[in-house]
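Here's the letter readout for the chains.
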Amino acid sequence: MNDSQQPTVSGEGIDQPAILWLRQRLPGLDSVREFVVLFAVTGFLLLYGLVPVFGGDQLGLVGADEPRYAQIAREMLTAHSNACHAVNAKMVPRSLRVEDVRNSFHCISAGTVTPILYGKPWLEKPALYYWRAMSFFKEFGVSDWTARLPSSSATLALVVLIFLHMRRFRPGGHLDAALITVSCVAIVSFARGASTDMQLAAPFCIGMLGWYAWYETGKKFWLFDLYFFGAAATLAKGPVAPFLALSIILLFAGLRREWSLLRRTIWWPGVTLYLIMVLPWYIAVQKRNPTFYRLFFLEHNLERFATNRYQHHQPFFFYIVVLLIGLMPWTVIALRALVDSIEVSIAEWKVRHNPSRYLGHTRAGDAFPEFLVLWTLFPIVFFSFSGSKLPGYILPSIPPITILTADYLNRVRREGLPKWLLWSHAALCAVMVFVLVLAPQHMKYETLVPSVQWLVIAAAAAIFFGAVVLLIVRRWGISQICNATLIPVIATLVFVLGFYGKELDINYSARPLAREIQREAPDVKLVATNSIKRDMDYGLAFYRTQPMIHYDTDGVPDAEHLLVVRANDTADLDRWLNGRIYTPLFLYESQGLEVYRVYPKP
């Protein structure tokens, strides 16, 4: 065999097919790596310190809403289970016989229509959260961490679909878009809440991404997302979901002078799907509760927006502050990305008024930044006029701005970030670390100025993690900024929940108090309260699986019971318990409460 017949090591010889084979499969390997990173990071940020097998369920239910919503889901599940057992049926009919179908329908509708709290209808919110919490309760048992899984699972779906959408339509920044979204303070916080906020935000944002995918491709299939997930959002919080979606689409169509968008968005299969999903529950709950429309639509939607009836008044600029905190540690870059996108949108708008620049083109430029800007700003502006303001109201504004952030980082990848922006981002990461390292000290000792030792520890940690972010980006480039920023995010999450989760629990949840009551007086079933915070009242009711008795409204029970009062309100006990024998049981100092044992009335 001569030289021309011998195989070569590289180039034209037998290795060429192998090289081609590897090149064809490397994108697949990259995709696998991206999915592994996506699910590993997202799973950690959503579940660490939440589920018992992964860092432990460190923090019990906090605030008034979490234990109240969890209790509603528990009572609905109990009513549903009892009804199914009564007719010996399951949700899927045993056969197609009329009786089996009727029994299964009774099983489905019983306990799933009217939200129930302490045996009475609770009509402030639609039922989506309760349904999802019921399913997790049935699968994993009733607990505080299972009550939070509806929000965690909804966030997971949102993050994954952001990744898939960006991978399909804006490849390059798709993984960063997902990871930036899931690592924001607002998303991490609300993903761990037993509340309706993420039940609205996640499907609403998925639906809006689907609508823009239809706008860009013209394929009606994508409108399915708008109607399906829009219906889910409507079942989560009511008419605010379609109102926000229609307003953003209307503004977008108006600015681009594409009014036909409104007509073409009306897709009758989608409208039919929306109505089939939404109307049955709204009709059924009104039929069983004639006051529902008045309570839900007038009081808990219109009146809540127009007045301060529910004592949630905040200044007009409140949501600016919420946005700045909610976007941490990405706030500086996110605001720069938002400003950049506004500038691009204004330039696009000016170009559209000079059609000669776009001869032969049906659409001027890229509309995606403009759409995301409107989607970000409209909820913030709209709810700023509300008489009642809560942080979760603008949660739907967070994903579009995190997507803009990832898109901006992808576009400036070659030239890199300006030095001032990189230094500001590193400094903000340091500030976040500093605050969160000191947070447990404030919770434990309730002091504004921690000890010198902890100030030094917090400052050292802040400088270290800020320097890590800065050095990684300067050494390996802007492509690593997301990975670098995840280091302080994950470290502080482990620090706060892994090392000080119990401190949070003791200072903010009713769970430790309920356990202490059970330990000190296991034979006493009745618990009464007087003038304590709603948070503790609802929390004790959930963990004791019984409603609290309130002296000021229910009176003093004749039977033996425990009384939970604020430690500085004990002077009123003689007035309430005139002639009764009572003794202090224990002082719950961390939340300023005292528990008394009140003996039966003679």
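Procedures and definitions
- Residues numbered from 1 in each chain as written.
- Predicted model: local features only at pLDDT ≥ 70, side-chain atom pairs only at ≥ 80, totals over all residues.
- Heavy atoms only, no water.
- Helix = DSSP H or I, 4+ residues; strand = E, 2+ residues; numbered from the N terminus.
- Rg over C-alpha atoms; globule rule 2.2 N^0.38 Å.
- Buried < 20%, exposed > 50% of the residue type's maximum accessible area, 1.4 Å probe, protein only.
- Contact = heavy atoms within 4.5 Å.
- Areas by Shrake-Rupley, 256 points an atom, 1.4 Å probe, with all protein chains shown as cover.
- Pairing = 2+ DSSP bridges.
- Disulfide = S-S within 2.5 Å.
- Salt bridge = Lys/Arg side-chain N within 4 Å of Asp/Glu carboxyl O.
- pLDDT = per-residue confidence, 0-100.
- Core = buried A, V, L, I, M, F, W, Y, C linked by side-chain atoms within 4.5 Å.
- 1 Å grid on protein atoms, 1.4 Å probe; cavity = no way out; pocket = protein on both sides within 12 Å on 5 of 7 lines; lining within 4 Å.
- Points joined across faces, edges and corners; volume = space filled by probe spheres on them.
- Nonpolar A, V, L, I, M, F, W, Y, C, P; charged D, E, K, R; others polar.
- Phe/Tyr/Trp six-rings, centres within 6.5 Å; stacked < 30°, edge-to-face > 60°.

## Quick look at the overall build of the protein
- Counting secondary structure elements, the protein contains 24 helices and seven strands.
- For 602 residues, the compact-globule estimate of 2.2 N^0.38 gives 25 Å, and the protein sits close to it at 28 Å.
- Expressed as lengths along the three principal axes of its C-alpha atoms, the size of the protein is roughly 110 × 70 × 65 Å.
- Expressed as a percentage of the 602 residues in the protein, the buried residues total 53%.
- Of all intrachain contacts in the protein linking residues separated by at least 6 positions in sequence, the fraction that spans at least 24 positions is 73%.
- A total accessible area of about 28,600 Å² is found for the protein, and carbon and sulfur atoms account for 64% of it.

## Looking at the sheet that holds strand β3 (residues 527-530)
- Across the sheet, which stays open at both edges, the five strands sit in the order β4-β3-β5-β7-β6 with mixed pairing between neighbours. The open sheet is flanked by β4 (549-550) and β6 (582-588), the only strands paired with a single partner.
- Pairing of β3 with β4, which is carried by two bridges, proceeds in the parallel orientation. Counted as the bridge partner of T529 is H550 from β4.

## Topic: the state of the cysteines
- Applying the stated rule across the entire model yields one disulfide.
- Two residues share a disulfide in this structure: C84 and C107, whose sulfurs sit 1.9 Å from each other. The sign of the S-S torsion, about 85°, decides the handedness of the disulfide formed by C84 and C107: right-handed. With C84 in helix α2 (residues 65-86) and C107 in helix α3 (residues 98-109), the pair connects residues that are 23 residues apart, well separated along the chain. The two residues C84 and C107 agree in class, both being buried.

## Some points on the pairing of strand β5 (residues 561-566)
- Across the six residues of β5, five count as buried, placing the element largely inside the fold.
- Of the strand pairs in this sheet, β3 and β5 are connected by four bridges, and their pairing is parallel. Across the sheet, residue N530 finds its bridge partner in β5, namely V565.
- Where β5 and strand β7 (residues 593-598) come together, six bridges link them in antiparallel fashion. Within β7, the position partnered with R566 by the bridge is L593.

## Focus on the pattern of salt bridges
- Inspection of the entire model under this criterion finds 18 salt bridges.
- Here D65 makes a salt bridge to R68, at a shortest N to O gap of 2.3 Å. Here the residue D65 and the residue R68 both occupy positions in helix α2, the gap between them amounting to three residues, near one helical turn.
- Taking the relative accessible area as the measure of exposure, R68 reaches 5% and is therefore buried.
- Across the salt bridge formed by R566 and D569, the nearest N and O atoms sit 2.7 Å from each other.

## Things to note about the side chain of T196
- With respect to the helices, strands and loops of the structure, T196 is situated in the loop between α7 (185-190) and α8 (197-217).
- Beyond its immediate sequence surroundings of up to four residues, T196 is in contact with Y69, K125, Y129, A236 and K237.

## As for the confidence of the model for the protein
- Averaged over all residues, the pLDDT of the protein is 88; the fraction at 70 or higher stands at 92%.
- When pLDDT is averaged over each element of the protein, helix α6 (residues 174-183) comes out on top at 96 and helix α1 (residues 15-47) at the bottom at 76.
- Considering only residues more than four positions removed or in separate chains, one finds that residues 1-14, a stretch of pLDDT under 50, has eight contacts.
- Every residue in residues 358-363 scores below 50 in pLDDT, and together they form nine contacts with partners more than four places removed in sequence or on other chains.

## Considerations on the environment of L246
- Assignment of secondary structure puts L246 in helix α10 (residues 240-256).
- For L246, a relative accessible area of 59% puts it in the exposed group.
- A C-alpha to C-alpha distance of 8.9 Å links L246 and L262, two positions 16 residues apart in sequence.

## Re the environment of P440
- By the secondary structure assignment, P440 is in helix α18 (residues 419-445).
- Overall, the relative accessible area of 1% leaves P440 in the buried class.
- A C-alpha to C-alpha distance of 9.8 Å links P440 and L497, two positions 57 residues apart in sequence.
- For P440, the residues in contact, after removing those within four places along its chain, are F495 and Y500.

## Quick word on the nonpolar core
- Counting residues in hydrophobic clusters, the biggest one holds 153 residues, and the most contacted among them are F204, W211, F252, F371, W375, L409 and L417.
- The element contributing the most residues to this core is α8, with 14 residues.
- Leaving out residues up to four positions away in the same chain, L409 has contacts with I180, W330, I333, L417, I478 and I481.

## Observations concerning the environment of V322
- Mapped onto the elements, V322 comes out in helix α14 (residues 318-326).
- Beyond its immediate chain neighbours, meaning those up to four positions away, V322 contacts P391 and I394.

## Considerations on the layout of surface pockets
- Considering only enclosed or pocket space, the second largest pocket measures out at about 440 Å³ in volume.
- Forming the walls of the second largest pocket are 17 residues, and the residues nearest its centre are M91, I108, S109, T112 and W131.
- Here the lining of the second largest pocket gets five residues from one element, more than from any other, and that element is helix α12 (residues 268-288).
- Its residues placed into classes, the lining of the second largest pocket shows eleven nonpolar, four polar and two charged.

## Focus: the packing of aromatic side chains
- Inspection of the entire model under this criterion finds 49 aromatic pairs.
- For the ring pair F169 and W222, a centre distance of 5.5 Å and an interplane angle of 65° mean the geometry is edge-to-face. A residue pair is termed long-range when its members are at least 10 positions apart, and F169 in helix α5 (residues 144-169) and W222 in the loop between α8 and α9 (223-237) qualify at 53 residues.
- Judged by relative accessible area, which is 11%, F169 ranks as buried.
- Taking 5.7 Å as the distance between ring centres and 90° as the angle between the ring planes, the aromatic pair formed by W211 and F252 counts as edge-to-face. With a gap of 41 residues between them, W211 in helix α8 and F252 in helix α10 connect regions that are remote in the sequence.

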